[in-house]
Amino acid sequence: KEQKKFDFIFGSDLAYRDYLHEPLIASLVQFSHPNTVTLIGVTMSDTKPQFFTSLVNAGFRYDRLADHLMEPEFRGTTFGLIAIQKR
């Protein structure tokens, strides 16, 4: 039986615990198709660079969305919205 894939996946505060990186990325692999857009909100001071390296190693690309796309109270802070897609 083929696993259901999603067009959009949303999450926040998911990547600040190192031990959760692997299951999070495994879930993205499982539930994403090539056109899935995943948006996650992270605090850059809590999310280690290893998370982003692991994303790339798992076949994803990512970009931080520009601050002007967020509500004013989040602009210029360490909070960021990250768009993730399979390469």
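Structure first, text after, so check above.
What to know about the sheet that holds strand β1 (residues 6–12)
No. 1: One open sheet holds the 4 strands; their spatial order is β1-β2-β4-β3, and the pairing between them is mixed. Unpaired on one side and paired on the other, β1 and β3 (60–64) mark the two borders of the sheet. Across this sheet, the average inter-strand angle for adjacent strands is 20 degrees, counted without regard to direction.
No. 2: Of the pairings in the sheet, the one linking β3 to strand β4 (residues 79–86) comprises 5 bridges and is antiparallel in character. Among the inter-strand pairings, aspartate 63 is bridged to a residue of β4, identified as alanine 83.
No. 3: Against the sheet, helix α1 (residues 21–31) touches β1, β2 (32–43), β3 and β4, its axis set at about 150 degrees to β2.
No. 4: Against the sheet, helix α2 (residues 49–57) makes contact with β2, β3 and β4, and its axis sits at roughly 140 degrees relative to β3, the strand it touches most.

The rules behind these values
- Residues numbered from 1 in each chain as written.
- Predicted model: local features only at pLDDT ≥ 70, side-chain atom pairs only at ≥ 80, totals over all residues.
- Heavy atoms only, no water.
- Pairing = 2+ DSSP bridges.
- Helix = DSSP H or I, 4+ residues; strand = E, 2+ residues; numbered from the N terminus.
- Axes fitted to C-alpha atoms, helices over the stretch in contact; angles between N-to-C directions.
- Contact = heavy atoms within 4.5 Å.

Without other data, these values stay purely geometric and don't point to any function.
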